[in-house]
Amino acid sequence: MSETGATPRVYARIAGTGSYLPANVVTNEDLSKVVDTSDEWIASRTGIRQRHVAADGETTGDLAYHASVRALEAAGVEASELDLIVLGTTTPDLVFPSTACLLQHRLGANGCGAFDVNAACSGFVYALSVADKFIRAGAARTVLVVGAETLTRMVDWSDRATCVLFGDGAGAVVLKADAETGILSTHLHADGGKKELLWNPVGVSVGFKEHEKNAGVRIHMTGNEVFKYAVKALDSVVEETLAENGLDRHDIDWLIPHQANLRIIEATARRLDMPMERVVVTVDKHGNTSSGSVPLALDEAVRSGRVERGQLLLLEAFGGGFTWGSALLRY
Ligand code: ACO
């Protein structure tokens, strides 16, 4: 309680960012030797030029660990100071324990709460929203939020419609309770009725055998339907975010979007009347790294000096579920 008796407002502020990409780079040219595609088709339809692919034995947890170490260093926070770890992923190392628990042990953050959030490509924005609520509620003061994926592990490398799209990578942020400013609002949505437009129908409880027979362990996507839905959903969540904060679209300094397709990113930028110079684009170098994409883009923009303290950032993502969401924050 404050001196006046009112509960002081607490924000979750980003204290540090980090990211990690596997060393192995696969170019469009490389893929054109495996499936019937071309650099021209992939680049003109998606903006992707290359993606990073995890080495054999390199897991989501490995990528998450390296990204987290960098975020902790940038924040000047020891792992032992963490109150909570929330990790967005749809490609966990194991069914259980969660990748967040594996990460917690490896970082030496023993004892703090740790759990995964599965919201496909929106995983990081969902995880960030959960962490923000813990800090606002006073239940945690220092939280590690991670988005990490090895999506290439469930790509069908003979399906040109999907294998050209995805890459592996991880990003992380350390959030600290702050009296001044930080995350202003987050907005989460889902539409489970569209699951068959973008899914991997293999699972534990539905039984592996049936699905291996029918479909195989791989991503299925009706790309053009996903594209149309994603553009509308992102338009709507951007409007919702601006309205809730009483902001004009010109108030945003940086758009840090999910990196699935450059054409989707450009559509959202047009909606915000934002020149592409103020949109962080990494899809050309990373492909779609699912939960990894937004924190990877954020870290790249922070470390290159483009994003500066005090600026207003709009993060957004869309993915399988469908799920989508946004976070508005003052960096
Ligand atoms: N190389 C060459 N041709 C190709 C390739 C390829 N890699 N892939 C598909 N084609 C062909 C198709 O076979 C089709 O040929 P046809 O006309 O002879 O039938 C033609 O190209 C057009 O295919 P479309 O699917 O209609 O192409 P579109 O312009 O829609 O682009 C794409 C496809 C890039 C997948 C786009 O729809 C897209 O980006 N969708 C959204 C993806 C997304 O945002 N996913 C959300 C996150 S992912 C997650 O949550 C895991």
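What counts and what doesn't
- Residues numbered from 1 in each chain as written.
- Predicted model: local features only at pLDDT ≥ 70, side-chain atom pairs only at ≥ 80, totals over all residues.
- Heavy atoms only, no water.
- Helix = DSSP H or I, 4+ residues; strand = E, 2+ residues; numbered from the N terminus.
- Expected span 1.5 Å × (residues − 1).
- Buried < 20%, exposed > 50% of the residue type's maximum accessible area, 1.4 Å probe, protein only.
- Contact = heavy atoms within 4.5 Å.
- Pairing = 2+ DSSP bridges.
- Axes fitted to C-alpha atoms, helices over the stretch in contact; angles between N-to-C directions.
- Near = heavy atom within 4 Å.
- Polar contact = N/O pair within 3.5 Å; in protein donor to acceptor, adjacent residues only side chain to side chain.
- Areas by Shrake-Rupley, 256 points an atom, 1.4 Å probe, with all protein chains shown as cover.
- Domains from an automatic or database assignment.
- Right-handed = clockwise from strand over helix to strand, strands pointing away.
- Buried area = accessible area lost by both parts, 1.4 Å probe.
- Salt bridge = Lys/Arg side-chain N within 4 Å of Asp/Glu carboxyl O.

### Some details on helix α3 (residues 60–75)
Compared with an ideal rise of 1.5 Å per residue, which puts 16 residues at 22 Å, α3 spans 22 Å between its outermost C-alpha atoms and is within 8% of the ideal. For α3, every residue scored as buried is listed here: T60, G61, D62, L63, A64, A67, S68, A71, L72 and A75. Those residues of α3 hidden inside the fold are in contact with β1 (11–20), β4 (84–88), α4 (99–107), β6 (142–150) and β7 (168–178). Once α3 finishes, G76 follows within two positions and takes phi at roughly 65°, a positive value.

### Remarks on the sheet that holds strand β8 (residues 183–190)
The 4 strands are arranged β8-β13-β12-β11 in an open sheet whose pairing can be described as mixed. Both outer strands of the open sheet, β8 and β11 (254–257), are each paired with one neighbouring strand and no more. Direction aside, the axes of adjacent strands within the sheet are offset by 10° on average. Note that β8 and strand β13 (residues 323–330) share 7 bridges and pair antiparallel.

### Observations regarding the site of the ligand
Looking at the ligand, there are 27 residues lining it, with T37, R45, C121, N261 and G320 nearest. Here an oxygen atom of the ligand sits 2.6 Å away from a polar atom, N or O, in the side chain of N261. G320 has a polar backbone atom sitting 2.8 Å from an oxygen atom of the ligand. Compared with its free state, where it exposes 1,000 Å², the ligand has 73% of that area covered by protein. Listed by contribution, the elements that provide at least two residues to the shell around the ligand are α2 (39–46), α6 (160–163), α8 (223–244), α9 (262–271) and β12 (312–319). Residue contributions to the shell around the ligand peak at 4 residues, all from α8. Per-domain counts for the shell around the ligand show at least three residues from each of domain 1 (11–179) and domain 2 (184–330).

### Focus: the pairing of strand β5 (residues 113–117)
Taken together, the 5 bridges between β4 and β5 define a ladder with parallel strand orientation. If you follow V86 over to β5, its bridge partner there is F115. Taking the sense of rotation as the criterion, the β-α-β connection linking β4, α4 and β5 turns out right-handed.

### As for the domain arrangement of the protein
Split by domain assignment, the protein resolves into domain 1 (11–179) and domain 2 (184–330). Computed from C-alpha coordinates alone, the two centres of domain 1 and domain 2 are separated by 14 Å. Between domain 1 and domain 2, the contact holds 55 residues from the first and 47 residues from the second. Roughly 3,800 Å² is buried in total at the junction of domain 1 and domain 2, and carbon and sulfur atoms are behind 60% of that figure. Our enumeration of links across domain 1 and domain 2 arrives at 1 salt bridge. For R218, the salt bridge is made with D156, and the minimal N-O distance between the two is 3.6 Å. Summed over the shared surface of domain 1 and domain 2, the result is 26 residue pairs in polar contact (both at pLDDT 80 or more). Those elements that place two or more of their residues in the side of domain 1 that touches domain 2 are β1, α2, β3 (50–52), α3, α5 (123–136), β6 and β7.

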